[in-house]
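# Residue-level structural notes
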Amino acid sequence: MMAAVIPAALKLSLECRATILFLLASSAGTTLEGFLQAMAFVKQFVQAMLSEDAQAHVGVAWYSGELVVGVPVGEYQDVPDLVRNLDGIPFSGGATLTGRALQQAAERGFGSAARTGQDRPHRVVVLLTESHSQDEVAGPAHHARARELLLLGAGGEAVRTELEEITGSPKHVMVCSGPQDLFNQIPRLQGKACSWPLPGCQAQSVDLVFMLDASASVGPGNFAQMQSLVRSCALQFDINADVTQVGLVVCGSQVQTALGLDTHLTGAAVLRAMSQAPYLGGMGSAGTALLRIYDRVMTIQRGARPGIPKAGVALTGGQGAEDAAVPAQKLRNCGVSILVVSVGPLPREALWRLAGPRDSLMHVAAYADLRSHKDALIQWLCGEAKRPVSLCKPSPYMNKGTCVLQNGNYRCACQRGWEGPHRENRTLRGDAPKARGAHQEPSGGQQLYPSQ
């Protein structure tokens, strides 16, 4: 076999911070030759990437039956020392238990003192394998991605499908036809590890309302899991009156507005209010909760903004949704997109009706799995935030006032006798003084407002 030509002059600069754990299959299915090629790839990647001022940290682990961390992440910043330690990594043979290795890598591959939040670098697992796993990989891979690990995979055509299942995307898989092709993937791998986009669309304006099922069928522990998910989602948005506004409604023995769109205008205040949302118990009614959003939350009078995309996310255990289809459609008719997140058994017919004509339903098998669906939820919200909107949905006018679009603006085709920005004040007759702040309605009962 012709030896691969290692591009010794290749030098890369990892401009973003990243913590990379290489996970090498060291099983009989991979073979000694495949293992040595993967090890040579890691050496070349390290030599090309790391420098004195590099912000990247690299670790190496291998597995067959169990995971062994040979080079802990960040332990060696001196490249020659790191490469010398790589030379001491043995080939073990044995079974290919990739699922177990992924689970263990997520739990202990990055050490126990990892930073959290925005101060933590991207954490990336690069799986190098030529052998199909002999255990189940979907669950462990799901677990790893839920812990905010970016999974990348490299291997031959034979393992492409399995690598796509593990990484969650064909874009995260590098298929190599031979040793030289593997080395040619080094710049591509560097780009993928460095350009991992964070979820969220912070610069996108949106009015967002969550509905949480706080009924006895969910239980207080599972309700806390729902709260954790919506708090985590809220962190991905720039919360203020000019960008993203967030509301929260809970339903159980009663329906409560825990957070109005115009109640809290900072992220910290919104997170506090979400944490304080009460578990109610009793019988829940998703329909009544959605009517509350329609009548008292997602309205111009309560802080919703004309011309701004609007979205609602209903998290439910599946019960109490029988009366929700009509209220959900009323919200959609007013320009509010609705996503249903159903937890537990497969959704029943009532939930599919609630999901609407666009089948906006996300099924989660168990409450413990909610966090692993955060990125998909954020992706949906960001997509809805970019959809075209109508300035007249929902209508800014009360008391049978009709909103009419006109040349990029909107106006009120309203009955006489009402005034105010939302036609909320009855006009006083005769010489009686008008309410403070009232203004005279133009003749014809029409007033023009600019687009927002």
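First things first, this report covers the structure right here in the doc. Predicted model, so just to flag it, every value in this text is computed and none were measured. (Residues numbered from 1 in each chain as written. Predicted model: local features only at pLDDT ≥ 70, side-chain atom pairs only at ≥ 80, totals over all residues. Heavy atoms only, no water.)

## Focus on the state of the cysteines
Covalent bonding between the sulfur atoms of two cysteines is what defines a disulfide. For the coordinates displayed, the defined rule picks out two disulfides. With a sulfur-sulfur separation of 1.9 Å, Cys-392 is cross-linked through a disulfide to Cys-403. On the sign convention where negative is left-handed, the bridge of Cys-392 and Cys-403, at about -70° about the S-S bond, is left-handed. Pair noted here: Cys-392 is in the loop between α13 (374-385) and β13 (402-406) and Cys-403 is in strand β13, with a separation of eleven residues, a long-range link. Under the relative-accessibility criterion, Cys-403 is labelled buried at 15%. For Cys-412, the disulfide goes to Cys-414, at an S-S distance of 1.3 Å. Classification of the bridge connecting Cys-412 and Cys-414 rests on its S-S torsion, roughly -40°, and on that basis the disulfide is left-handed. Exposure remark for Cys-412: the relative accessible area of 0% places this residue in the buried category. Relative accessible area serves as the criterion here: at 11%, Cys-414 is assigned to the buried category. (Disulfide = S-S within 2.5 Å. Helix = DSSP H or I, 4+ residues; strand = E, 2+ residues; numbered from the N terminus. Buried < 20%, exposed > 50% of the residue type's maximum accessible area, 1.4 Å probe, protein only.)

## Some details on the pattern of salt bridges
Applying the stated criterion to the full structure yields six salt bridges. Here Arg-305 ties to Asp-207 by a salt bridge, and the two come within 2.7 Å at their closest N and O atoms. Separated by 98 residues along the polypeptide, Arg-305 in the loop between α10 (286-297) and β10 (310-316) and Asp-207 in strand β7 (residues 206-213) bring together distant segments of the chain. The pair Arg-305 / Asp-207 is uniform in exposure class, with both members buried. (Salt bridge = Lys/Arg side-chain N within 4 Å of Asp/Glu carboxyl O.)

## Observations regarding the packing of aromatic side chains
Aromatic rings considered in pairs are described by the distance between their centres and by the relative angle of their planes. Applying the stated rule across the entire model yields six aromatic pairs. Ring centres 5.3 Å apart and planes at 75° place the aromatic pair Phe-22 and Phe-45 in the edge-to-face group. One end of the pair, Phe-22, is in strand β1 (residues 18-25); the other, Phe-45, is in helix α1 (residues 31-49), with 23 residues separating them in the sequence. The burial state of Phe-22 is the same as that of Phe-45; both residues are buried. (Phe/Tyr/Trp six-rings, centres within 6.5 Å; stacked < 30°, edge-to-face > 60°.)

## Let's talk about the side chain of Thr-30
Structurally, Thr-30 can be placed in the loop between β1 and α1. The class of Thr-30 is buried, set by a relative accessible area of 5%. Not counting chain neighbours up to four residues away, the residues in contact with Thr-30 comprise Ala-25, Phe-35, Thr-129, Glu-130 and Ser-131. (Contact = heavy atoms within 4.5 Å.)

## Observations regarding the packing of helix α4 (residues 138-146) against helix α5 (residues 160-167)
Relative placement of two packed helices is described by the angle separating their axes and the distance separating the axes. Put simply, α4 and α5 touch, their axes get as near as 8 Å, and they point 40° apart. One finds that α4 runs oblique with respect to α5. Judged by residue contacts, Ala-138, Ala-141 and Arg-145 of α4 engage Glu-165, Ile-166 and Thr-167 from α5. Here the contact of α4 with α5 is composed, by residue class, of three nonpolar, one polar and two charged. (Axes fitted to C-alpha atoms, helices over the stretch in contact; angles between N-to-C directions. Parallel < 35°, antiparallel > 145°, perpendicular 65-115°, else oblique. Nonpolar A, V, L, I, M, F, W, Y, C, P; charged D, E, K, R; others polar.)

## Some points on the sheet that holds strand β12 (residues 361-364)
Spatially, β9-β8-β7-β10-β11-β12 is the arrangement adopted by the six strands of the open sheet, whose pairing is mixed. In this open sheet, the two edge strands, each paired with only one partner strand, are β9 (255-259) and β12. Sheet twist, expressed as the mean angle between neighbouring strand axes with direction ignored, is 20°. Alignment of strand β11 (residues 336-343) against β12, held across four bridges, turns out to be parallel. Within β12, the residue paired with Val-340 across the bridge is Leu-361. Against the sheet, helix α8 (residues 220-234) engages β7, β8 (244-251) and β10, with an angle of about 170° to β7. (Pairing = 2+ DSSP bridges.)

## Observations regarding unusual backbone geometry
It is generally the case that most residues other than glycine have a negative phi and that most peptide bonds are trans. The residue after Lys-393, namely Pro-394, is reached through a cis peptide bond having omega -5°. With a phi close to 65°, Lys-400 is a non-glycine residue in the positive phi region. Among the structural elements, Lys-400 can be located in the loop between α13 and β13. Phi angles above zero are rare outside glycine, and Arg-423 is one such case at about 55°.

## Describing the pairing of β11
Counting buried residues along β11, eight of its eight residues qualify, which places the element largely inside the surrounding structure. Burial of the side chains of β11 extends over both faces: Val-336, Ile-338, Val-340 and Ser-342 are buried on one face and Ser-337, Leu-339, Val-341 and Val-343 on the other. Where β10 meets β11, seven bridges bridge the pair, whose relative direction is parallel. Of the residues in β11, the one forming a bridge with Ala-314 is Val-340. Viewed along the sheet, the connection from β10 through helix α11 (residues 325-333) into β11 turns out right-handed. (Right-handed = clockwise from strand over helix to strand, strands pointing away.)

## Some details on a nonpolar patch on the surface
Taken together, Leu-32, Leu-36 and Phe-91 make up a surface patch of nonpolar side chains, about 260 Å² in accessible area. One can find Leu-36 in helix α1. (Patch = residues over 30% accessible without salt bridge, like charges linked within 9 Å, V, L, I, M, F, W, Y side chains within 5 Å. Areas by Shrake-Rupley, 256 points an atom, 1.4 Å probe, with all protein chains shown as cover.)

## Some points on the pairing of β1
With eight of eight residues buried, β1 lies mostly within the body of the structure. Going residue by residue along β1, you find Ala-18, Ile-20, Phe-22 and Leu-24 tucked away on one face and Thr-19, Leu-21, Leu-23 and Ala-25 tucked away on the opposite face as well. Across seven bridges, the pairing between β1 and strand β4 (residues 122-128) is parallel. Across the sheet, residue Leu-24 finds its bridge partner in β4, namely Leu-128.

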